[in-house]
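Observations on the model geometry
Listed below are the residues making up each chain.
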Amino acid sequence: SPMQFNHAIIAIKLPAGVESLAAVESAKLGRLLIFDPTDPYTPVGDLPEDEQGSWALIVAAQDGDLVRLPTLPAASNRIQLAIEGTLAQSGEAKAHVASEYFGQSASFWRAVSHETGKDEMKKALEAVFTRRLGSGVALDHISASDESSKLDLALDLQVAHLGQSMMDKLLVVKPGALAPDHGYNFPKIERKQPIRLRARMRTDKVTLHLPEGYAIDELPAEVTINGAYGAYHAVWKAAGGVVTLEQSLEVKNTTAPAAEYAKVRDFFDTVTGAQYAPVVLAKR
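Attention in this report is confined to the structure presented alongside it. Predicted model, so just to flag it, every value in this text is computed and none were measured.

A count of helical and extended segments in the chain gives 3 helices and 19 strands. Each principal axis of the C-alpha atoms in the chain carries an extent, and together these give about 80 × 45 × 35 Å. Of all 284 residues assigned to the chain, the portion counted as buried reaches 41%. Taking the intrachain contacts of the chain between residues at least 6 apart in sequence as the baseline, contacts between residues at least 24 apart amount to 64%. Surface summary for the chain: the accessible area is close to 15,100 Å², and the carbon and sulfur share equals 53%. Across the chain, the centroid of the 29 positively charged side chains sits 4 Å from that of the 35 negatively charged ones.

All chains considered together, the criterion is met by 9 salt bridges. The network of salt bridges with shared partners includes Glu-19, Glu-25 and Arg-31.

Under the defined criterion, the tally for this structure stands at 7 aromatic pairs. Seen from their ring centres, Tyr-184 and Phe-268 are 4.8 Å apart, and the 45° between their planes marks the pair as tilted. One end of the pair, Tyr-184, is in the loop between strand E11 (170-173) and strand E12 (195-197); the other, Phe-268, is in helix H3 (residues 261-275), and 84 residues separate them in sequence. Phe-268 matches Tyr-184 in its accessibility class, with the two residues each being buried. The rings of Tyr-184, Phe-186, Tyr-229, Tyr-261, Phe-267 and Phe-268 are connected pair by pair, giving a single aromatic cluster.

Roughly 850 Å³ of internal volume is contained in the largest pocket. Lining the largest pocket we find 30 residues, and of these Ile-79, Trp-109, Pro-180, Asp-181 and Arg-202 sit closest to its centre. Of all the secondary structure elements, the ones that give two or more residues to the lining of the largest pocket are strand E6 (78-87), strand E7 (93-102), helix H1 (107-115), helix H2 (118-133), strand E9 (150-159), strand E13 (200-209) and strand E17 (242-251). Ranked by residues supplied to the lining of the largest pocket, first place goes to H2 with 5 residues. Residue classes in the lining of the largest pocket are distributed as 17 nonpolar, 6 polar and 7 charged. Here the second largest pocket is characterised by a volume of approximately 390 Å³.

Judged by pairing direction, the sheet is mixed, and its 8 strands sit side by side in the order E8-E9-E7-E6-E13-E17-E16-E15 without closing on themselves. Each having just a single partner strand, strand E8 (137-146) and strand E15 (223-226) make up the two edges of the open sheet. Here the strands of the sheet are splayed against their neighbours by 10° on average, with no regard to which way each runs. Note that strand E16 (residues 230-239) and E17 share 10 bridges and pair antiparallel. From the neighbouring strand, Ala-234 faces E17, where its bridge partner is Gln-247. Contacts from H1 reach E7, E8 and E9, with the element oriented near 80° to E9. Each of E15, E16 and E17 is contacted by H3, which is oriented at about 10° to E16, the strand it contacts most.

With that settled, the discussion passes to the pairing of strand E4 (residues 55-58). Side chains Ala-56 and Ile-58 of E4 all project onto a buried face; the interleaved residues Trp-55 and Leu-57 project onto a face where none is buried. Pairing of E4 with strand E5 (residues 65-68) involves 4 bridges; the strand directions are antiparallel. The residue bridging Leu-57 from the neighbouring strand is Leu-66, located in E5. Following E4, the chain reverses through 6 residues before pairing antiparallel with E5; Ala-61 in that reversal takes a positive phi of roughly 50°.

Thresholds, definitions, all that
- Residues numbered from 1 in each chain as written.
- Predicted model: local features only at pLDDT ≥ 70, side-chain atom pairs only at ≥ 80, totals over all residues.
- Heavy atoms only, no water.
- Helix = DSSP H or I, 4+ residues; strand = E, 2+ residues; numbered from the N terminus.
- Buried < 20%, exposed > 50% of the residue type's maximum accessible area, 1.4 Å probe, protein only.
- Contact = heavy atoms within 4.5 Å.
- Areas by Shrake-Rupley, 256 points an atom, 1.4 Å probe, with all protein chains shown as cover.
- Lys, Arg positive; Asp, Glu negative; His and termini not counted.
- Charge placed at Lys NZ, Arg CZ, Asp CG, Glu CD.
- Salt bridge = Lys/Arg side-chain N within 4 Å of Asp/Glu carboxyl O.
- Phe/Tyr/Trp six-rings, centres within 6.5 Å; stacked < 30°, edge-to-face > 60°.
- 1 Å grid on protein atoms, 1.4 Å probe; cavity = no way out; pocket = protein on both sides within 12 Å on 5 of 7 lines; lining within 4 Å.
- Points joined across faces, edges and corners; volume = space filled by probe spheres on them.
- Nonpolar A, V, L, I, M, F, W, Y, C, P; charged D, E, K, R; others polar.
- Pairing = 2+ DSSP bridges.
- Axes fitted to C-alpha atoms, helices over the stretch in contact; angles between N-to-C directions.

See the structure below:
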């Protein structure tokens, strides 16, 4: 394409002994740190997602070179989430959400935090939770702390209908609904283009205190998936009036052919089904 080299970034020569995931090896120039100073939300040591794995022409007179930019591992683009909440007999839940965003996962919220006011950030977060939890969502005490290596985001959440009462004897709740989903949408259509998956990782721990007078009646079975497109693990535990969901998802950096679209969709559908598995509580 004539638009292959349509952007200019910089390559910084690294001294001996200095390593970085965003570095490349040039036969003529040695170890080079690749940095895009035009992106205000990607710090040194990271690369914008659309630049990772692409070709770059190093302009250095007779020492110029053509190099493939690095593709950073999933661990460098991860989200770590901890949620602790309390479920009421009515199905209402209140929770504190603490999220840590690393690498490119932090870029969006870093931009929102820096470029908009608190009201706009609250609206953006409310939209995210409402899509997942429905109406009756309220947020408070939102705070963001931005460091060079990560962004911390914390808030208090109130959900009107997290639990569903069944004949006033059972209470059905999906703890995983409090955590964000995998972020992919694969409708049942015929796919004609390859499916590009970017390396990313997330770990979630959701701790939910049960309403007084209720005990665990049924917990979902542990789920483990290891496949060509990623790995997922989820386990539910109950003790002392508390139910806990711990889950992890790693998406591999891969391009699947269009013929595998149904398999890709099935993988992520299975992950979604596991995350939203119901926990059944029974009134004592």
